[in-house]
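# Inside the fold
Read off the chains here:
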Amino acid sequence: MNIKWTDEDRQFIIDNAAFMKDIDIADELTEKTGRKVTLDAVRKVRQKLGIKKKRGRGVCGIAAEKSDKNS
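This section reports on the structure supplied with the text. (Residues numbered from 1 in each chain as written. Predicted model: local features only at pLDDT ≥ 70, side-chain atom pairs only at ≥ 80, totals over all residues. Heavy atoms only, no water.)

### Let's talk about the packing of helix α1 (residues 7-16) against helix α2 (residues 22-33)
Selection rule: A fitted line through C-alpha atoms serves as each axis, taken over the contacting stretch for helices, and the angle formed by two N-to-C directions is quoted from 0 to 180°. Secondary structure elements are defined from DSSP: runs of H or I of at least 4 residues count as helices, runs of E of at least 2 residues count as strands, and each element is numbered from the N terminus. Any angle that is under 35 degrees is reported as roughly parallel, and any over 145 degrees as roughly antiparallel; angles of 65 to 115 degrees are reported as roughly perpendicular and all others as oblique. Crossings are sorted by hand: turned counterclockwise from the far helix by less than a right angle, the near helix makes the crossing left-handed, and turned clockwise it makes it right-handed. A contact between two residues is defined here by any heavy atoms of the two lying within 4.5 Å. Under the scheme applied, nonpolar residues are Ala, Val, Leu, Ile, Met, Phe, Trp, Tyr, Cys and Pro; charged residues are Asp, Glu, Lys and Arg; polar residues are all the others, including Gly.
The contact between α1 and α2 brings their axes to 11 Å, and the two run at 150 degrees. In terms of orientation, α1 and α2 fall into the roughly antiparallel class. As α1 runs across α2, the sense of the crossing is right-handed. Within the contact between the two elements, α1 uses E8, D9, F12, I13 and N16 and α2 uses I25, E28, L29, K32 and T33. Class assignment of the residues belonging to the contact of α1 with α2 gives a composition of four nonpolar, two polar and four charged.

Structure representation (structure tokens):
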């Protein structure tokens, strides 16, 4: 079943993506909304919002965008 994402849910992901792991965001949204929010669902929405996480297991933070060297 597809989750209907509210603006508040999306804003929560935007506000916390740099400080929390996706699994922790999913757990918090599950508790807050009363419906099961999965890790994959949070990842998918975060990626659609254009937020890229730093690579590495257990690392919190937003990846810096690569700048164009020719500019």
